[in-house]
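Observations on chain architecture
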Amino acid sequence: MARLNPANEQRARALMGLYPRPRSALMPMLHLAQEQDGWLTAEAMAHVAELIGITPAEVYGTASFYDMLFTEPVGRHLVSVCTNIACLLTGGTELLEHAESALGVNAGGTTPDGQFTLEEVECIGWCDKAPAVAVNWRYFGPVSPQGFDTLCDDLRAGRLADTVPPHGTLCRVRRTVGLPAGVPAHGRPMGDEPPGPALAAGGGG
Ligand code: FES
């Protein structure tokens, strides 16, 4: 259980600076908090509320609405097995049953070692590779029962660490925060760029 650490508090303040109103930064701040702990602790949500100047209940109301935000602990690997139509027709339901048996938890549960949380999901947009599985929103398919076991073994052993980061990590490329709106990276305001080569040459006519 933790509030935002100093580095993440700094990032949160920078995120708020990107918007005319601090509360507009709520969603990216929640993703930041989830990236820190793997899920949204009550303390982190209270800290976000404190920074923005809204109530913890308002933060919780938003956090509990979205499927990608978790207000309960989540295993290091969130394993999402799709059972929607394309996956259903290619063994998705059987794959989910196999996953429950292999991991020893029902959908919605977390393994005692905290390695895996298993969930059943609607279409994850990987239909042409059905039956499909997502792990921390990285996609695999088609996945056979044997392939599922291999996938879990590889995750446990850290062999996929370059492909599947810990739960909560949405993107490994950090956005540079703090640039005022309308000012591109080179620092000139929009619409104030110097003439390009063609204009500088008078159009070549
Ligand atoms: S139906 Fe399973 S990924 Fe689309």
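Before going into details, it helps to say that this report is about the structure given with it. Since this is a predicted model, take the numbers as computed values, not measurements.

1. Let's talk about the sheet that holds strand β2 (residues 116-121)
- One open sheet holds the four strands; their spatial order is β2-β1-β3-β4, and the pairing between them is mixed. The open sheet has two free edges, formed respectively by β2 and β4 (138-140), since each of these has just one partner strand. Taking each pair of neighbouring strands and ignoring which way they run, the sheet shows an average axis angle of 25 degrees.
- Summarising the sheet, strand β3 (residues 133-135) and β4 pair through three bridges and their orientation is antiparallel. Note on β4: the bridge partner recorded for Ala-134 is Tyr-139.
- Against the sheet, helix α6 (residues 92-103) makes contact with β1 (77-82) and β2, and its axis sits at roughly 150 degrees relative to β1, the strand it touches most.

2. Re the environment of His-31
- Inspection of the secondary structure puts His-31 in helix α2 (residues 26-37).
- Overall, the presence of 19 C-beta atoms within 10 Å leaves His-31 in the partly exposed class.
- Here the alpha-carbon distance between His-31 and Leu-69, two residues 38 residues apart in the chain, equals 7.5 Å.

3. Focus: α6
- Compared with an ideal rise of 1.5 Å per residue, which puts twelve residues at 16 Å, α6 spans 16 Å between its outermost C-alpha atoms and is within 8% of the ideal.
- All buried positions along α6 are accounted for by Gly-92, Leu-95, Leu-96, Ala-99 and Leu-103. End-on view of α6: buried residues confined to an arc of 100 degrees, all on one side of the axis.
- Looking at the buried side of α6, the elements it contacts are β1, α5 (85-89), β2 and α7 (145-157).
- Positive phi shows up at Gly-104, right after α6, with a value of about 75 degrees.

Definitions and limits used
Residues numbered from 1 in each chain as written. Predicted model: local features only at pLDDT ≥ 70, side-chain atom pairs only at ≥ 80, totals over all residues. Pairing = 2+ DSSP bridges. Helix = DSSP H or I, 4+ residues; strand = E, 2+ residues; numbered from the N terminus. Axes fitted to C-alpha atoms, helices over the stretch in contact; angles between N-to-C directions. Contact = placed C-beta atoms within 7 Å. Buried ≥ 20, exposed ≤ 12 C-beta atoms within 10 Å, placed from the backbone. Expected span 1.5 Å × (residues − 1). Arc of directions from axis to C-beta.

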